[in-house]
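# Structural overview
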Amino acid sequence: MLLAGLNTHILIQHFPGGGSYCLNMSGTLFAGLLLFMLKVCNGEPTYAGLQRLEDSRGQNNHVYLTPRWALQLVNDSLPYSRADRFCRGQFSSLVSLDQSEDQRGVQELLQLTVVRTPVWVRDPSKADSRPVAFSRQYLQFSAFSFPKESHEGFAHINISFPALEAVSVCVRVQWEPKWNDVSTIFSYAAPVFTNEFQLRGQVNMHGRVLLALIIQGKHLPYKASFWNDGAWHHICVTWSRSSNLWTIYVDGVQKDMGSGSETRRDIYGDGILILGQDQDSFGGNFTEPFFGNITDLNVWSSCLETRHVHALNSCSAITPKKLFSWNLDLISSHPIVKVVQALLFCPAAHQQMELQGCPTVQSQSNLPPLLGLADCSDLQPFICKSRKERFQKMKELSESQSSQPSAFMNQLIKLSNMSQPVLGQQPSGINNLTQAMVLLNISVQALEETQEELQPEDMVSLVQLLSLTSDVPSEPSVHSENSSNEKIQELSQHFISVADSIISEDNALKWQAIKEVVNGPMDVVKSIDQMVTRLSSRLTAETDHLTIQSPNIRVEVQHQKLEDESKGSSFCGPETEKHAGLDCISVPHQKIQDLHNNGFYKLTLVNTWYGSLRPLLSLEENITLEPTVTDGSQRYLGTVLGSSVISSTVLGDNQPVSTEVQIQLQHRVQFSKDTMYDPVCAFWDFNLSPEAGGWWNTKGCEVVSKHQAFTVCYCNHTTNFALLLQVYETQRSPENEKALQVLTFIGCGVSLCGLLFTFILFVAVGVPKSDRTTVHKNLIGALGVAELLLMCSDWAAENQAACFVVTALLHLFFMASFSWMLVEGLLLWSKVVSVNISEDRRMKLYYVIGWGLPVLIVAVTLAVSADKYKADHHCWLSVKTDTIWAFVGPVIFVLAVNAVVLCRVVMVTISSANRRAKMLSPSSASKMQTFDLTWAVTRPVLILLPVLGLTWLCGVLVHLSVVLAYGFIVLNSFQVVEMQKERILSVCTHIIITISVSLPDTHSHQMENTKTSLKDN
């Protein structure tokens, strides 16, 4: 499906072995709207893989099919930018030669079609433009400010000028918005003739600055123009004696041209160049002053080409040597003229291709194609590339429309017969806003008068119409400014109406039918963004605020001059029965103030809300997104689009600027009670998977706060935003969650009581001081404080600051608990394996491990990730970031070391049991061996599991089953009770030994037996 001319009445395609399908359709306008349609007729096969397309003028375009791609050679010669626009209008792109398959296909196509002239191709290294941070786009210039308070301001260029057979002057000006009289930007006067070369301007009744040249005394007409919007504009004027032609460029675009004076002589030398004043006499008698700012004036002794001017507009360097380069040291000025700093838009990094030329490829006989560069304004044929499946699907839709036109298309035929031809023979699509207005008006009428729903082929045509309209230059042509601001607003309203009819929820299944041709509804969003942004300056020419609304789309354009007290900006979607008006986007006040502080004069915000995209995009395959880490209570199901789409484009001085925004989006997905969702802030990245039209990206966006009905996001750039909802199946019922919470509270209470009781026993009884009792006391203290904080954490959750402190303390004391459990293991190892370390030195090491290591871990964690430290809804470390590993990592290490200690203790116990059994009763050793070994293994395991903290191994597995969650809580709740049994027995043993010293000897034997029994138990 390829564009074959806007004025085509019958489009013909020959396919090898194909049948004949012909449809004569009258009406130029209708044919213009059916840009994508192909009518298949009888034809002779050409070459294998090659198909010929014939347009209404008899020109042949060819399509070459490779295994993956369809390559179309368009013989209509166009400039590079219009060729690129043509291909985009065909749902394709200019072919690039970065892949071997494309290189072979292009070579075959050029050789079979015997095309020897250069053809346009795409530079694969040139990415699509996107807003970037203004610090990367803008450069600071020193400028002269000519105040309105005085008419005497001027600046004198202090260099000597030779006689010039050609001249080019480029300058950047910022016009005073409140001055409408004739103003002189620069004037060059020679000793023998004052009005030798001069550029002047005046503001017309429509608010446009009209420019005119004076060349060798001849005053040329005021035609070239730009809006008097207070922004900086780049102006270049050129003249050549040999051609006697002059040209005026504004912002890199040619605005006017014509023939110069009739004398055909050089411009006189030894003259004076003055900025801001007309010289009625040589170097004096100034009149017609300029008010505003001037900078970056440069002079060449040659006539610059269009590509040079385009490069200069973006601040790129060019090869022609300058006669004068902007330098304040070479300029003297009147005292009233001040030097100011100006921040100018300079996207040079994105415009290098225009400076160097645009890429071409040229066929050579029996040789590989020759790659080269040509002036981007040259007229060349070109090659469009699209997916083979897309080409074949477009052919299928074309045949369907040819055999049985839809009701919408029939209505277009009827309306187009009543319309005058408005489109010319150019294959580049819609060339001006007048053509776009008529086409959109007819389309809206047909949509209103057609009762039946749109068919898939209708939607393809309308999507293409929107794409072509969005590419139309927004500025009026040099010779026509018929498009009034009212007409521009009407065009925009019709554009939004057509777009609304396409992205209606009723068309969800039809989008599936055309997905091989059109990337998806985000293509419509891209067209809307591009169209409204292009027209924003004209939409706000007479108002500071404009709203365009349809059932599914709301567009708002805001314009404000930046001042010292500039306000922030916010935009919200409509309030309807379906939508509660919770979808909002705003640019913070401080960010707007930053733009003003960096030299921006005016700000334009284009905000758009789309309410019907979620059902259309939900039919796509599940969104690929890494699931959020959870605590194991949920099972990840997938990610879906869960909100409307809202977008913002920020223009500073009519150029795109990237800035931070805050977004609030309402949740629009209903889930069953067994599912939960976690919102993720995302944006549609058109440069991600460009062949598929883009995909969701989360870079630079984060969740600020979550609420039941909506989520607030922060993003560090502007584009199209939405919420992606990660859906989880709930693994635990609310009843289980409640039971686990209650059981945790009870278990913590029991543990805390046991710890307190044991600590009192240690203090009251006066157990002799030893490294063992010291370790016990520190473990009891750390674990007791941790348990107490855990019981109080729910109350602290209401206050963010208190919750953060509790989280840090919980982290510290639970880490200290595990560190002292590690010390318990090391102490036990020292009893089992001989270690030659004194008790004093050993305790110092234990204190460093028990308290120093936890403090270090918590301090480093807070320093590295304080903003991601705490979980969102409770007082504990965030499991959604790597912060949780500041606890889990050390715990796993402690458990691993203590597991090794436990194994060693069990091995020693078994060995001791075997030796004791043989020594006490060698004859019955074999009978008692099994029982003794079992008890020798079981006893230390039961005692040491809680002491060494190994019951926490269940915590790693809680996500597998709710039963393990119950088991984990029970084991660790009563971990303290098990630990205290061994502590209490030690205390009781000490009491018995103390009492036995004071008892008579007659009771000594009985007491010894009791002590032994207690130890064994």
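Everything numeric in this text was worked out from a predicted model, so none of it was measured. (Residues numbered from 1 in each chain as written. Predicted model: local features only at pLDDT ≥ 70, side-chain atom pairs only at ≥ 80, totals over all residues. Heavy atoms only, no water.)

## Focus on the overall build of the chain
The condition is simple: Note on conventions: DSSP H or I runs of at least 4 residues are helices, E runs of at least 2 residues are strands, and numbering of each starts at the N terminus. Burial status follows relative accessibility: with a 1.4 Å probe on protein chains alone, a residue under 20% of its type maximum counts as buried, one over 50% as exposed, and anything between as partly exposed. The Shrake-Rupley method, run with a 1.4 Å probe sphere, supplies the accessible areas, and residue values consider only the shown protein chains as cover.
For the chain, the helix and strand inventory stands at 24 helices and 41 strands. Sorting the 1017 residues of the chain into buried and exposed places 51% on the buried side. Here the chain has roughly 45400 Å² of accessible surface; of this, 55% comes from carbon and sulfur atoms.

## Quick word on the sheet that holds strand 31 (residues 584-587)
To keep it simple, the criterion reads: A pair of strands is treated as paired once DSSP finds two or more bridges between them. Note on geometry: axes are lines fitted to C-alpha atoms, helical ones only across the stretch in contact, with angles between N-to-C directions running from 0 to 180 degrees.
Sheet architecture is open: five strands sit in the order 30-31-36-40-39, paired in antiparallel fashion. In this open sheet, the two edge strands, each paired with only one partner strand, are strand 30 (569-572) and strand 39 (701-706). With direction set aside, neighbouring strand axes in the sheet form an average angle of 20°. Judged from the four bridges that link them, strand 30 and strand 31 form a sheet pairing that is antiparallel. By the bridge assignment for strand 31, C572 is matched with C584.

## Description of the side chain of S648
Selection criterion: Throughout this description, a polar contact denotes any pair of N or O atoms lying within 3.5 Å of each other; where both atoms belong to protein, one of them has to be capable of donating a hydrogen while the other can accept it, and for residues adjacent in sequence the pair is counted only when both atoms sit in side chains. Pairs of residues are marked as contacts when any of their non-hydrogen atoms sit within 4.5 Å.
Tracing the sequence through the fold places S648 in strand 34 (residues 645-652). Side-chain polar atoms of S648 contact the side chain of N607, separated by 2.9 Å. Filtering out sequence-adjacent residues up to four positions away, S648 remains in contact with I585, V606, N607, T718 and T719.

## A few points about the packing of aromatic side chains
As a reminder of what qualifies: Centres within 6.5 Å make a pair out of two Phe, Tyr or Trp rings, where for Trp the six-membered ring is used; the pair is then stacked when the planes are under 30 degrees apart, edge-to-face when over 60, and tilted otherwise.
Applying the stated criterion across every chain yields a total of 19 aromatic pairs. Ring geometry for W175 and F226: centres 6.4 Å apart, planes at 70°, overall edge-to-face. A residue pair is termed long-range when its members are at least 10 positions apart, and W175 in strand 9 (residues 166-175) and F226 in strand 14 (residues 225-227) qualify at 51 residues. In this structure W175 comes out as buried when scored by relative accessible area, which is 2%. F226 gets classed as buried once you look at its relative accessible area, which sits at 4%.

## As for the environment of A682
Residue placement: A682 occurs in strand 37 (residues 675-685). For the pair formed by A682 and A722, sequence separation is 40 residues and the distance between their alpha carbons is 5.6 Å. Those residues within four positions of A682 in sequence are excluded, and the remaining contacts are W696, N697, T698, N720, F721, A722 and L724.

## Points about the nonpolar core
The cut-off we apply is this: We call a set of buried Ala, Val, Leu, Ile, Met, Phe, Trp, Tyr and Cys residues a nonpolar core when their side-chain atoms join them within 4.5 Å.
Counting 65 residues, the largest nonpolar core has I502, W511, V524, I528, L613 and W696 as the members making the most contacts within it. A155, L213, I267 and V299 belong to the second-largest nonpolar core, a separate cluster that totals 41 residues.

## Describing the packing of helix 11 (residues 485-502) against helix 13 (residues 522-539)
Heads up, the condition is: For this classification, under 35 degrees means roughly parallel, over 145 means roughly antiparallel, 65 to 115 means roughly perpendicular, and everything else is oblique. Ten residue types, Ala, Val, Leu, Ile, Met, Phe, Trp, Tyr, Cys and Pro, are classed as nonpolar, four, Asp, Glu, Lys and Arg, as charged, and the remainder, Gly among them, as polar.
Interaxial distance between helix 11 and helix 13 falls to 11 Å at its minimum, and their mutual angle equals 170°. By the angle between their directions, the pair helix 11 and helix 13 is classed as roughly antiparallel. Taking contact as the criterion, the partners of N485, I488, Q489, L491, S492, F495, I496, A499 and I502 in helix 11 are, on helix 13, V524, S527, I528, M531, L535, R538 and L539. For the contact of helix 11 with helix 13, the per-class residue count stands at eleven nonpolar, four polar and one charged.

## Let's talk about the state of the cysteines
As a reminder, the rule being used: The disulfide definition used here is simple: a pair of cysteine sulfur atoms within 2.5 Å.
With the rule as written, the count across this model stands at six disulfides. Sulfur-sulfur distance for the disulfide between C87 and C384 comes to 1.9 Å. Between C87 and C384 the disulfide shows an S-S torsion of about -75°. By sign, it is left-handed. Of the two residues, C87 sits in helix 2 (residues 80-89) while C384 sits in strand 27 (residues 380-387), which places them 297 residues apart along the sequence. Judged by relative accessible area, which is 2%, C384 ranks as buried.

## Some points on helix 9 (residues 433-449)
Stated formally: A helix is expected to span 1.5 Å multiplied by its residue count minus one.
Between its first and last C-alpha, helix 9 extends 24 Å over 17 residues, near the 24 Å set by a 1.5 Å rise per residue. Along helix 9, the residues that are buried comprise L433, Q435, A436, M437, L439, L440, I442, S443, V444 and A446.

## Focus: the pattern of salt bridges
Rule in force here: Take a side-chain nitrogen of Lys or Arg and a carboxyl oxygen of Asp or Glu: if they are within 4 Å of each other, that pair is a salt bridge.
In total, this model carries 15 salt bridges according to the counting rule given. Linking E196 and R265 is a salt bridge whose minimum nitrogen-to-oxygen distance equals 2.8 Å. Of the two residues, E196 is situated in strand 11 (residues 193-203) and R265 in the loop between strand 17 (253-259) and strand 18 (272-275); the sequence distance between them amounts to 69 residues. In this pair, the class of E196 matches that of R265, namely buried. Between R668 and D583 there is a salt bridge whose closest N-O contact spans 2.4 Å. In this pair, R668 sits in the loop between strand 36 (661-666) and strand 37 while D583 sits in the loop between strand 30 and strand 31, placing the two residues 85 residues apart along the sequence. Classification of R668 by relative accessible area gives buried; the value is 14%. Where salt bridges share partners, they join E165, R241 and D266 into one cluster.

## Regarding helix 7 (residues 388-403)
When the terminal C-alpha atoms of helix 7 are compared, their 23 Å separation across 16 residues agrees well with the 22 Å that a helix rising 1.5 Å per residue should span. Those residues of helix 7 that fall on the buried side of the exposure criterion are R390, F391, K393, M394, L397, S398, Q401 and S402.

## Here's the deal with a nonpolar patch on the surface
Using the following cut-off: Exposure above 30% relative accessible area and the absence of a salt bridge qualify a residue for a patch, where like charges join within 9 Å and nonpolar side chains (Val, Leu, Ile, Met, Phe, Trp, Tyr) within 5 Å.
On the surface, a cluster of nonpolar side chains totalling about 370 Å² of accessible area is made up of L853, L856, V860 and V864. Within the secondary structure, L856 sits in helix 19 (residues 839-865).

## Considering the packing of helix 7 against helix 10 (residues 456-470)
The line we're drawing: Crossing chirality is assigned from the near helix's rotation relative to the far helix, an anticlockwise turn below a right angle marking it left-handed and a clockwise turn marking it right-handed.
It is the contact of helix 7 with helix 10, at a shortest axis distance of 9 Å, that shows an interaxial angle of 110°. Of the possible angle classes, the one that applies to helix 7 and helix 10 is roughly perpendicular. You can see that helix 7 and helix 10 cross each other, and the crossing is left-handed. Here helix 7 contributes L397, S400 and Q401 to the contact with helix 10, which in turn contributes P456, E457, D458 and V460. For the contact of helix 7 with helix 10, a count of residues per class yields three nonpolar, two polar and two charged.

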